[in-house]
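Descriptive analysis of the structure
Residues per chain are reported as follows:
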Amino acid sequence: MISANDLSPAELAALLHFHADAGVDWLLEDTAIDRFAEFEASRAKQQVRQTDNARSGQTAGRSDAGKPSATTGGRPPAAAPSMPNMAVPDEQAVAAARFAAESARSLEELKTALESFNGCNLKNGARNTVFATGTPGSKVMIIGPMPDADDDRDGLPFSGKAGMLLDRMLAAIDLDRNQIALANTVPWRPPGNRAPSGPEMNICRPFIERQIALFEPKLLLLLGNVTARFFFGGTGTIHTMRGQWREVPVGGAIIPALASLHPQELLNAPASKALAWQDLLSFKSRLAQM
């Protein structure tokens, strides 16, 4: 927990402004409340409910086993058809993506190559290809996981309410989106806002790595579980990976990167704002040293 005594007047003012703009309408309660414990308890209850529902489904399945079906004349029902894999998981698609990305000599050429690429079926269900925005040579590049409905509609990364909150977070450390580069790990919105699969991310990897190489940022801020796992590897959660500076090799360069919470998670879990603020201060301090 951050103590007000550890912050300068300017940092404290920025923190209060960040919370106010993010919609925080309370500061003190009559009694102390541990919001982190409250959040964990809520998540534990949800996991228990999911386990109970799964067990109930298994019990119902066993009780119905062997019973004749009124619609099949006693014959067991036919198996449901398997759903097709929405990604193109073969190495040929990954190789085609790599060739298209590496052949681009500028961001304009890379955008054209990405918009023309048809090797990932995520593109079939998306309205727009969401390409990075910003100016080459920007010191900072912020990368999210995949486009949401607002990004897909506008064709721009970090649109909608999450984008508005990100703008306030950046303002709290004296940045704005016109000074930096913004991108998503995957350029097409997955159906239903689901997380992209491993094959889908493998196909998209050459394009985001080439975007980073052409923007040439000095620091990366990686937002959310999917993005942190994509660049850092492993299966940890954002709460175990955030706040730790790591090095990301991209295009022959090694770029310092910090993982933090995605603005959408802060909208869903306001108790996490203090953690995000710690990460923002760390990022600001590292940027000031460059």
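Before reading on, note that the structure itself is shown above.
A brief report on the enclosed structure follows. Here the structure is a predicted model, which is why all the values come from computation and not from measurement.

What follows covers the pairing of strand E4 (residues 245-250). Working note: regular strand, side chains alternate between the two faces of the sheet. For E4 and strand E5 (residues 253-260), the ladder comprises 6 bridges, and the chain directions are antiparallel. Across the sheet, the residue bridging to Val250 is Ala253, located in E5. The turn joining E4 and E5, which pair antiparallel and follow one another in sequence, is formed by 2 residues; a positive phi near 55 degrees is taken by Gly251.

With the rule as written, the count across this model stands at 8 salt bridges. The partner of Glu109 in a salt bridge is Arg105, with the nearest N and O atoms 3.2 Å apart. Here Lys284 makes a salt bridge to Asp174, at a shortest N to O gap of 3.6 Å. Of this pair, Lys284 sits in helix H11 (residues 273-288) while Asp174 sits in the loop between helix H6 (160-172) and strand E2 (181-184), and the two are 110 residues apart along the sequence. For Asp174, a relative accessible area of 57% gives the class exposed. A cluster of three or more residues bridged by salt bridges with shared partners is formed by Asp150, Arg153 and Asp154.

Time to look at the packing of aromatic side chains. A full pass over the atoms with the stated rule returns 3 aromatic pairs. With a centroid separation of 4.9 Å and 75 degrees between ring planes, the pair formed by Phe230 and Phe231 is classed as edge-to-face. Residues Phe230 and Phe231 agree in their burial class; the two are buried. The residue whose ring lies beneath Arg205 is Phe230, and the NZ or CZ to ring-centre distance is 3.9 Å. Over the face of the ring belonging to Trp245 we find Arg286, whose NZ or CZ atom lies 4.7 Å from the ring centre.

Let's shift gears to unusual backbone geometry. In this model, Phe158 sits at a positive phi of 55 degrees, which is unusual for a non-glycine residue. Here Phe158 shows up in the loop between helix H5 (149-154) and H6. You can call Phe158 buried: its relative accessible area is 4%. Phi is positive for Glu216, which is not a glycine, with a value near 55 degrees. You can see Glu216 is positioned in the loop between helix H7 (198-215) and strand E3 (219-223). The class of Glu216 is exposed, set by a relative accessible area of 53%.

Parameters at a glance
Residues numbered from 1 in each chain as written. Predicted model: local features only at pLDDT ≥ 70, side-chain atom pairs only at ≥ 80, totals over all residues. Heavy atoms only, no water. Pairing = 2+ DSSP bridges. Helix = DSSP H or I, 4+ residues; strand = E, 2+ residues; numbered from the N terminus. Salt bridge = Lys/Arg side-chain N within 4 Å of Asp/Glu carboxyl O. Buried < 20%, exposed > 50% of the residue type's maximum accessible area, 1.4 Å probe, protein only. Phe/Tyr/Trp six-rings, centres within 6.5 Å; stacked < 30°, edge-to-face > 60°. Lys NZ or Arg CZ within 6 Å of the ring centre and 35° of its normal.

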